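# Observations on chain architecture
The chain contents come next:
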Amino acid sequence: MYSLFSVAFIARRIPLAWLQLTREKIRLLVALAGIAFACILMFIQLGFQDSLLESAIRFHVALKGEIFLVSPQSNALIAMNTFSQRRLYQTLGFEGVRAISPVYVGFALWKNPETRRTRSIFVVGVDPSADLLDLPELTPDKLEEIKKADVVLFDRRSRSEFGPIPEWLESGREVVTEVGNRRVQVGGLFEMGATFGADGTILTSDLNFLRIFPQRGRGLVDIGVVQLQPGVDPDPLVRQMRALLPEDVRVLSRAEFIDMEQTYWEEGTAIGFIFGLGVVMGFIVGIVIVYQILYTDVSDHLAEYATLKAMGYTDTYLLGVVFQEAILLAGLGYIPAFALSVLLYDLTANATLLPIAMTFNRAVLVLGLAVSMCFISGAIAVRRLRAADPADIF
Amino acid sequence: MLTPLLDQAALTSAQNAVEPVVKAEGVNHYFGEGSLRKQILFDINFVLQPGEIVLLTGPSGSGKTTLLTLLGALRSVQEGSLQVLGQELRGAQPSTLIQIRRQVGYIFQAHNLLRSLTAAQNVRMALELHNGLAPQQVQQRAEEMLAAVGLGDRVHSYPEQLSGGQKQRVAIARALVSHPKLVLADEPTAALDSKSGREVVTLMEKLAREQGCTILMVTHDNRILDIADRVLHMEDGRLESQAVA
């Protein structure tokens, strides 16, 4: 205790804001709990939103290609329309194009081989001989596997409701189940991860895909991937293709392709709005809590602040004290909120298999929000200082 | 003992050494606006010389406190001329008023100490208004001042750990630590029992004599009239001078 006093004494000036805040420990703790709660709320909401947007594009990021063709009616992976693969072949005529490859996506019912319950799974069909996907564990020998009829690869990070597929495979057990109305064998595992749109993913060849979805006509594809020769700038090519290809296909650069998916989730669904609202709620709760603390503090010390004015302290000094208290509250509330949020992210990631983790940008963003939260409260609370009239204290 | 501070307060008062500390001429003061306007002070004229201890007595509502707040630059002067430490307060800029406040020591009826600060920190708050002292010096001077008011062993105590008389002595230490040329006190003994009240007043007198500062003290307490050089009496906003018997 005494050493703490000594530290305060050596200070150039008496740290009044700090001493006023820390004098009543219980009140400070309650205040910090409130601010931490507001920060955690913002961390969780922003974390979920980022996770949603990041998980939504996992498949996009894994696709190796510079230019992508989609139907003009396609909005997102969960809402794709097909277009004629002739358009994709037409792009071969552009200078700089090295290879093209069609990708088929769709949702089918997967039967859990253990419980026999069905659940909708994301099915991806690619040409197994094309070098198209950059995913962990997706080795060439596994792509060989799906050349066989009715063999699929299973995403080991699919939700557990699809069955203990990774465990069974790793223990050497043969996994046979049904997708759509077709009997398939799981020939191996790869790693991608669940998204908000898809709880699980299987990967197979284009031919197997069409066996699972017999109603899908040949020659109609969901995504056309265009790979360019090394060193070719994709942007002029995108413009050329747009000018020359008919209106029944959309030409997207890699960034636009990713952006299409994120925009769908952020703006085309209620999800972006809900998370945004959550952040605003956290922010407002924080403002109210900090305002309460600062207002009470100024009111409790009104006579003392008036005395300081009488002694010759300026209004600016007292404003400074209130704002310093605001900043201290923001900082002290943020630290436990940060630590708890890291923990909560970890719990959430394990429970949902969504990619949710603390990022530097979000840490800075929430710190900025916490500081502005406390500043707004401070700006409202200092109006109370006007009541500190030095002429009233005699 | 305590050495004078080489700050603006000391310099200003050195230049005005022969001038009176306070000079009031025809000061009138009103509260309220329009038809509610009520005159509180009527044609106040008086002078306080350096080193004087002057008591201001009078019934409640006679305007004593209003006069005190005018002298302390806590309220603007409306009519007449009021010079404090050589500065005209009427029409003075807010920055001038703040400068005057820093050169005046205030002792209140309630001690008005900062509850979050120790005795020494409270005293330091007054010293930190004046630049040019190293933090160690500030701390040393605060502790010396507390020792001078008999609280050398309570420097690290918080106000809530001190008795009423001790708190008022901390307030005196805070008012006098920067060696003001003028101390304004508003019934400093009102909240104290007669013994502590007497101690507090004796202490103020002793320190004021040592530092040569002028004290204007509002009081109802007849037992302490003996410390005064002069007594001013106020009645219905008018000042009547009385010599000490």
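Residues numbered from 1 in each chain as written. Chains lettered and ligands numbered in written order. Predicted model: local features only at pLDDT ≥ 70, side-chain atom pairs only at ≥ 80, totals over all residues. Heavy atoms only, no water.

### So, the domain arrangement of chain A
All names here are of chain A. Rule in force here: The domain boundaries here were taken from an automatic or database domain assignment. Any two residues whose heavy atoms approach within 4.5 Å at even a single point are treated as in contact. Under this definition, polar contacts are N or O atom pairs within 3.5 Å; protein pairs additionally need one hydrogen-donor-capable and one acceptor-capable atom, and for neighbouring residues in sequence, both atoms have to be side-chain atoms. In this text, helices come from DSSP runs of H or I with a minimum length of four residues, and strands from runs of E with a minimum of two, each type numbered from the N-terminal end.
Each domain of chain A was delimited in the assignment, giving domain 1 (15-55 + 270-392) and domain 2 (72-248). Summarising the inter-unit geometry, the C-alpha centres of domain 1 and domain 2 are found 47 Å apart. The interface is formed by eight residues belonging to domain 1 together with six residues belonging to domain 2. The interface formed by domain 1 and domain 2 holds zero residue pairs in polar contact (both at pLDDT 80 or more) in total. For the side of domain 1 that touches domain 2, the element with the highest residue contribution is helix α3 (residues 25-56), accounting for four residues.

### As for helix α10 (residues 254-267) of chain A
Quick reminder: α-helices carry 3.6 residues per turn. Residues three or four places apart thus point the same way. All names here are of chain A. Rule in force here: Helix span, expected: 1.5 Å multiplied by one less than the number of residues in the helix. Each residue is placed in one exposure class: buried if its accessible area under a 1.4 Å probe, protein chains only, is under 20% of its type's maximum, exposed if it is over 50%, and partly exposed if it falls in between. Arc definition: directions from the helix axis to the C-beta atoms.
Taking 1.5 Å as the rise per residue, α10 with 14 residues should run 20 Å; its terminal C-alpha atoms sit 20 Å apart, in good agreement. Within α10 the residues assigned to the buried category are Phe257, Ile258, Met260, Glu261, Tyr264 and Trp265. Down the axis of α10, the buried side of the element spans an arc of 150°, and every buried residue falls inside it. Residues Ala255 and Glu267 are exposed on α10 and point more than 90 degrees away from its buried face. Of the surrounding elements, those touching the buried residues of α10 are α3, α4 (58-62), β1 (67-70), β10 (223-228), β11 (250-253) and α11 (270-300).

### Considerations on a nonpolar patch on the surface
All names here are of chain A. Rules: Each patch is built from salt-bridge-free residues with over 30% relative accessible area, joining like charges within 9 Å and nonpolar side chains (Val, Leu, Ile, Met, Phe, Trp, Tyr) within 5 Å. The Shrake-Rupley method, run with a 1.4 Å probe sphere, supplies the accessible areas, and residue values consider only the shown protein chains as cover. What counts as a salt bridge is simple: a side-chain nitrogen of Lys or Arg found within 4 Å of a carboxyl oxygen of Asp or Glu.
Residues Phe273, Ile274, Leu277 and Met281 make up a contiguous nonpolar surface patch of about 420 Å² in total accessible area. Along the chain, Met281 falls in helix α11. The exposure class of Met281 is partly exposed, given its relative accessible area of 46%.

### Some points on the interface of chain B and chain A
To keep it simple, the criterion reads: Values labelled buried area give the accessible surface lost by two parts on being combined, using a 1.4 Å probe and summing over both. Polar here means any residue outside two lists: the nonpolar Ala, Val, Leu, Ile, Met, Phe, Trp, Tyr, Cys and Pro, and the charged Asp, Glu, Lys and Arg; Gly therefore counts as polar.
With 34 residues of chain B in contact, the opposing surface of chain A contributes 30 residues. Across the chain B to chain A interface the summed buried area is about 3200 Å²; carbon plus sulfur atoms make up 60%. Where chain B touches chain A, the interface holds two salt bridges. A salt bridge links Glu304 of chain A to Arg115 of chain B; the nearest nitrogen and oxygen atoms lie 2.7 Å apart. Run the count over chain B and chain A and you get 12 residue pairs in polar contact (both at pLDDT 80 or more). Looking at the side of chain B that touches chain A, the elements that each hand over two or more residues are α2 (64-71), α3 (94-102), β6 (104-107), α4 (119-127) and α5 (135-148) of chain B. Broken down by element, the side of chain B that touches chain A gets its largest block of residues, five residues, from α4 of chain B. Its residues placed into classes, the side of chain B that touches chain A shows 16 nonpolar, nine polar and nine charged.

### Points about the packing of aromatic side chains
Spelled out, the test is: In this scheme Phe, Tyr and Trp rings, the latter by its six-membered ring, pair at centre separations within 6.5 Å, and the angle between planes marks the pair as stacked below 30 degrees, edge-to-face above 60, and tilted otherwise. Charge-over-ring placement is defined geometrically: NZ (Lys) or CZ (Arg) within 6 Å of the ring centre, and within 35 degrees of the ring normal.
Applying the stated rule across the entire model yields 16 aromatic pairs over all chains. For the pair Phe107 of chain A and Phe122 of chain A, a centre-to-centre distance of 5.1 Å together with 45° between the ring planes defines the contact as tilted. Of this pair, Phe107 of chain A sits in strand β3 (residues 97-111) while Phe122 of chain A sits in strand β4 (residues 118-126); the two residues are 15 residues apart in sequence, bridging distant segments of the chain. Residues Tyr291 of chain A and Tyr295 of chain A carry aromatic rings whose centres are separated by 5.6 Å and whose planes lie at 40° to one another, so their mutual orientation is tilted. Of the two residues, Tyr291 of chain A and Tyr295 of chain A are both situated in helix α11; the distance of four residues between them amounts to about one turn of the helix. Under the relative-accessibility criterion, Tyr295 of chain A is labelled partly exposed at 32%. Taken together, the aromatic side chains of Phe43, Tyr334, Phe338 and Tyr345 of chain A make up a single cluster linked through ring pairs. Between Arg37 of chain B and the ring centre of Tyr30 of chain B, over which it is positioned, the NZ or CZ distance is 3.9 Å.

### Comments concerning the pattern of salt bridges
Tallied over the full model, the rule gives 28 salt bridges over all chains. With a shortest N-O distance of 3.2 Å, Glu161 of chain A and Arg159 of chain A are connected by a salt bridge. Classification of Glu161 of chain A by relative accessible area gives partly exposed; the value is 33%. When the shortest N-O distance is used, the salt bridge between Glu210 of chain B and Lys206 of chain B registers 3.8 Å. Of this pair, Glu210 of chain B and Lys206 of chain B both sit in helix α7 (residues 194-211), four residues apart, which is roughly one turn of the helix. Where salt bridges share partners, they join Glu24, Arg27, Asp297 and Asp300 of chain A into one cluster.

### Remarks on unusual backbone geometry
Residues and elements named next belong to chain B. In this structure, Asp43 is a non-glycine residue whose phi angle is positive, near 45°. Structurally, Asp43 can be placed in strand β2 (residues 38-48). Asp43 gets classed as partly exposed once you look at its relative accessible area, which sits at 48%. If you check the backbone angles, Ala73 has positive phi at about 60° while not being a glycine. Within the element layout of this structure, Ala73 appears in the loop between α2 and β4 (79-84). Look at Ala73 and you get buried, because its relative accessible area is 0%.

### Some details on the side chain of Gln49 of chain A
Structurally, Gln49 of chain A can be placed in helix α3. Not counting residues up to four positions away in its chain, the partners in contact with Gln49 of chain A are Glu266, Gly272, Phe275 and Gly276 of chain A.

### Considering the nonpolar core
Applied cut-off: To define a nonpolar core, start from buried Ala, Val, Leu, Ile, Met, Phe, Trp, Tyr and Cys residues and group those joined through side-chain atoms within 4.5 Å.
The biggest cluster of nonpolar side chains holds 99 residues, and the ones touching the most others in it are Leu308 and Leu329 of chain A together with Met125 and Leu146 of chain B. Contact partners of Leu308 of chain A, with chain neighbours within four places excluded, come to Leu16, Tyr313, Tyr317 and Leu318 of chain A together with Leu114 and Met125 of chain B. If you look at the next biggest cluster of nonpolar residues, it comprises 36 residues, including Ile100, Phe154, Phe162 and Phe213 of chain A.

### Looking at empty space enclosed by the protein
Operational definition: Site definitions follow a grid-based scheme: protein atoms alone, a 1 Å grid, a 1.4 Å probe that fits but cannot get out for cavities, and for pockets an open set with protein on both sides within 12 Å along at least five of seven lines, plus lining residues having an atom within 4 Å of a point. Grid points are joined across faces, edges and corners, and a volume is the space filled by probe spheres set on the points.
Summed over all chains, the structure comprises four cavities of 30 Å³ or more. Of the pockets and cavities examined, the largest cavity occupies roughly 120 Å³. Along the wall of the largest cavity there are 14 residues; nearest its centre are Met311 of chain A together with Val104, Gly105, Ala126 and Arg174 of chain B. Counting residues per element, the ones that place at least two in the lining of the largest cavity are α12 (302-311) of chain A together with α3, β6 and α6 (164-176) of chain B. Looking at which element gives the most residues to the lining of the largest cavity, the answer is β6 of chain B, with three residues. Along its surface, the second largest cavity is lined by 13 residues, and Ala56, Leu77, Thr195, Gly197 and Ala198 of chain A are the ones closest to its centre. For the lining of the second largest cavity, a count of residues per class yields nine nonpolar, three polar and one charged.

### Here we look at the sheet that holds β4 of chain B
Residue and element names in this part refer to chain B. Put simply, the rule reads: If DSSP finds at least two bridges between two strands, the strands pair.
Across the sheet, which stays open at both edges, the four strands sit in the order β2-β1-β4-β5 with antiparallel pairing between neighbours. Only two strands of the sheet have a single partner each, and these edge strands are β2 and β5 (87-88). Pairing of strand β1 (residues 22-31) with β4 involves five bridges; the strand directions are antiparallel. Directly across from Ala24, in β4, lies its bridge partner Leu82.

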